[in-house]
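# Tertiary structure, described
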Amino acid sequence: MTAEALKDELQAAGIEYATGLERFMGNQGLYHKFLKKFVETDNSYADFCAALAQADMEQSEKTVHTLKGTSGNLGLMTLYHQADAVVQAIRAKSPLAEVQKLSEAVTASYNETCAVLKKLLAE
């Protein structure tokens, strides 16, 4: 895959690579280490899904808030915004069905983000 094609995929997935890299003071190795950690070992998404499946709104809010923070810090902005929408809905005490609907967007964004990051990290 060309660098230009990868850049296009990053942008399409809402990954602001330059912004994320800037947060790591331009240290690409360190940034990639944290991106890899997000893809391979971060459990906030899985924990959110498990809590939501149990309709545990308190735990759902905690875990999706963690996902939001991590994704924001890494420049994964589409995922950040989708997670934020869920956080806001839970805090507004929206019906479970509405939170579940919003969580579908989180899932789609999470899957796309991880797929693109895997390509980036394989380079």
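Preceding block: the structure.
Report follows, based on the coordinates.

### Details of the environment of L96
- Inspection of the secondary structure puts L96 in helix α7 (residues 96–122).
- Residue L96 is classed as partly exposed on the basis of its relative accessible area of 33%.
- Taking the C-alpha atoms as reference points, L96 and M57, separated by 39 residues in sequence, lie 8.5 Å from one another.
- In contact with L96, not counting residues within four places along its chain, are L52, A55 and M57.

### Here's the deal with the packing of aromatic side chains
- Summed over the entire model, instances satisfying the criterion amount to five aromatic pairs.
- Chaining the aromatic ring pairs together yields one cluster made of Y17, F24, Y31 and F34.

### Details of the nonpolar core
- Grouped together as the largest cluster of nonpolar side chains are 31 residues, with contacts concentrated most on F38, L76 and L117.
- Of all the secondary structure elements, the ones that give two or more residues to this core are α1 (3–12), α2 (17–23), α3 (28–41), α4 (44–53), α5 (57–74), α6 (77–91) and α7.
- A per-element tally of this core places α7 first, with seven residues.
- Filtering out sequence-adjacent residues up to four positions away, L117 remains in contact with I15, L35, F38, V39 and L76.

Conventions and cut-offs
- Residues numbered from 1 in each chain as written.
- Predicted model: local features only at pLDDT ≥ 70, side-chain atom pairs only at ≥ 80, totals over all residues.
- Heavy atoms only, no water.
- Helix = DSSP H or I, 4+ residues; strand = E, 2+ residues; numbered from the N terminus.
- Buried < 20%, exposed > 50% of the residue type's maximum accessible area, 1.4 Å probe, protein only.
- Contact = heavy atoms within 4.5 Å.
- Phe/Tyr/Trp six-rings, centres within 6.5 Å; stacked < 30°, edge-to-face > 60°.
- Core = buried A, V, L, I, M, F, W, Y, C linked by side-chain atoms within 4.5 Å.

These figures come from the coordinates and say nothing about function on their own.
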